[in-house]
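Spelled out, the chains give:
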Amino acid sequence: MNNESKKKESILRNNAVQTIIASLLCIVIGLLIGYVVLLIINPAGAAGAITAIIKNYFYYPSQKAMMKYMGTTLVKASALLMCSLSVLFAYKVGLFNIGAAGQYVVGAGASLYFALKLGMPWYVCMIAAIVTAALVGGISGALKAYFNVNEVISCIMLNWISLYVVNMLLTQVKSESTPYTVDLSSGNKSALLPNCGLDEIFSGNKFVSIGLIISVVMAVVVWVLLEKTKFGFELRATGMNKNAAKYCGMKEKRNTIVTMMIAGGLAGLGAAVFYLSGIETWMVQQTTVPGMGFNGIAAAFLGGLHPIGAIFSSYFIQHITSGGSYVDKTMYCAQISDLISAFIIYLCGFVFFFKLWLNRYLDKRDERKAAKGGEK
């Protein structure tokens, strides 16, 4: 029994286990709060609404329809995952990349401009998205490294600059009859990401492409880079204490800039994965920054700031968000799922407090056991 209790305690002290428990707790509490809000708005349809949000594409009785809409959710989750990786990569190095939203916008603008204006194939458009978004991230990194400008401030400013620059740029490839850019399927089919048979798995969903594979592979690459390489160790060391890193011979300014460039490139890749799938076009008159980059912050923290955890948290957030479209519109608006996601996102801030509380509880329990053992 003593060995079993020690084993249980060691499991509870495991950082990954604590993160999973805390994240699940956030999800459950967030859903409960959302259900209460639904009850307040209209008690009659609350149970059906929360069920529809949770079920998402499982709402359909047909297996074919279910797989098709599952594919759409995965396409959107892939872009969200890349934004999540962008945020957590910078955070691991002591930087808060709130500019993932703007970098995502720049990636979208570059990929669509190269596709529709220059007629480039998908891989060139993807590289353009990564490079341009990385350069924007590098601006914030350089301001932080050389002028000690807080990256949050510079990133927020760049978010809006990026939005309006991209809007002006993409007016050149706007459809004549709508405020949206020309559809890739008619403007440049070579810019569409290849399906490689994945569309057949998801009931002929033409938007499902190699973007799904790219995003998951990138999550693994980020994990390996941060945790298993010398370069990753240098980046994390710079984030923990840049003065100590400098004393050890590390180039702290270079590491700061490179970190933000990599983070920007990841967000730009997310935009390329999304827009080059053909699932959406860009509205050149929009006045708000797309929420994908900001949702990446939530996915990063819900996933415990771990690249592998971000895969599951990104999917979950997108699953809940997409589930709002199945809510009865006569009782609730579709944005109710965004509200529930917002509750979960807000609760993500308490993940670290929960882990801190759990460790303190375990320490106190060990102290009591030690005291009892001493008395005997």
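Residues numbered from 1 in each chain as written. Predicted model: local features only at pLDDT ≥ 70, side-chain atom pairs only at ≥ 80, totals over all residues. Heavy atoms only, no water.

Draft legend 1. Local environment of the overall build of the chain. A count of helices and strands for the chain gives 17 helices and zero strands. The C-alpha radius of gyration of the chain comes to 23 Å, within 12% of the 21 Å expected for a compact globule of 376 residues. Each principal axis of the C-alpha distribution contributes one length, and for the chain these read about 85 × 65 × 40 Å. Within the span of the chain, comprising 376 residues, buried residues form 48% of the whole. In the chain, the proportion of contacts linking residues at least 24 apart, taken out of those at least 6 apart, comes to 77%. Total accessible area on the chain stands at roughly 18,200 Å², and carbon and sulfur atoms take up 66% of it. (Helix = DSSP H or I, 4+ residues; strand = E, 2+ residues; numbered from the N terminus. Rg over C-alpha atoms; globule rule 2.2 N^0.38 Å. Buried < 20%, exposed > 50% of the residue type's maximum accessible area, 1.4 Å probe, protein only. Contact = heavy atoms within 4.5 Å. Areas by Shrake-Rupley, 256 points an atom, 1.4 Å probe, with all protein chains shown as cover.)

Draft legend 2. View of unusual backbone geometry. Of note in this structure, Asn56 is not a glycine but carries a positive phi near 55°. Note on placement: Asn56 falls in the loop between helix H3 (46-55) and helix H4 (63-92). Assessed through its relative accessible area of 1%, Asn56 is described here as buried. In this structure, Asn148 is a non-glycine residue whose phi angle is positive, near 55°. With respect to the helices and strands, Asn148 occurs in the loop between helix H6 (122-147) and helix H7 (151-170). In this structure Asn148 comes out as exposed when scored by relative accessible area, which is 53%.

Draft legend 3. Region of interest: the confidence of the model for the chain. With 96% of its residues at a pLDDT of 70 or more, the chain has an overall mean of 90. Mean pLDDT across the secondary structure elements of the chain bottoms out at helix H1 (residues 2-13), with 62, and peaks at helix H5 (residues 100-116), with 98. (pLDDT = per-residue confidence, 0-100.)

Draft legend 4. Region of the structure containing the nonpolar core. Among the nonpolar cores identified, the biggest contains 94 residues, and Leu85, Leu88, Tyr104, Leu170, Trp282 and Leu302 are the most heavily contacted of them. Residue contacts for Tyr104: discarding those within four places in its chain leaves Ala79, Cys83, Ala267, Gly270, Ala271, Phe274, Tyr275, Pro290 and Met292. (Core = buried A, V, L, I, M, F, W, Y, C linked by side-chain atoms within 4.5 Å.)

Draft legend 5. Quick peek at the environment of Phe353. Among the structural elements, Phe353 can be located in helix H17 (residues 351-375). For the pair formed by Phe353 and Ala22, sequence separation is 331 residues and the distance between their alpha carbons is 9.2 Å.

Draft legend 6. Focus on the pattern of salt bridges. Using the criterion set out here, one finds three salt bridges in the structure. The residue Glu234 makes a salt bridge to Arg254 at a minimum N-O spacing of 3.5 Å. Note that Glu234 is positioned in helix H11 (residues 230-240) and Arg254 in helix H13 (residues 252-275), a separation of 20 residues in sequence. Here Glu252 and Lys253 are joined by a salt bridge, their closest N and O atoms 3.5 Å apart. Residue Glu252 is classed as buried on the basis of its relative accessible area, which comes to 12%. When its relative accessible area of 32% is taken as the criterion, Lys253 is described as partly exposed. (Salt bridge = Lys/Arg side-chain N within 4 Å of Asp/Glu carboxyl O.)

Draft legend 7. Examining the side chain of Asn205 more closely. Mapped onto the fold, Asn205 is located in the loop between helix H9 (198-201) and helix H10 (211-228). Here the side chain of Asn205 touches Phe207 through a polar contact of 3.1 Å, landing on its backbone nitrogen. Discounting residues that sit within four places of it in the chain, Asn205 has contacts with Lys68, Gly71, Thr72 and Asp199. (Polar contact = N/O pair within 3.5 Å; in protein donor to acceptor, adjacent residues only side chain to side chain.)

Draft legend 8. Examining the packing of H11 against H13 more closely. Two elements in contact, H11 and H13, have axes separated by 10 Å at closest approach and are oriented at 105°. With respect to H13, the element H11 is oriented roughly perpendicular. Contacts between H11 and H13 involve Phe231, Glu234, Leu235 and Thr238 from the first element and Glu252, Arg254, Asn255, Thr256, Val258, Thr259 and Ile262 from the second. Grouping the amino acids of the contact of H11 with H13 by side-chain chemistry returns four nonpolar, four polar and three charged. (Axes fitted to C-alpha atoms, helices over the stretch in contact; angles between N-to-C directions. Parallel < 35°, antiparallel > 145°, perpendicular 65-115°, else oblique. Nonpolar A, V, L, I, M, F, W, Y, C, P; charged D, E, K, R; others polar.)

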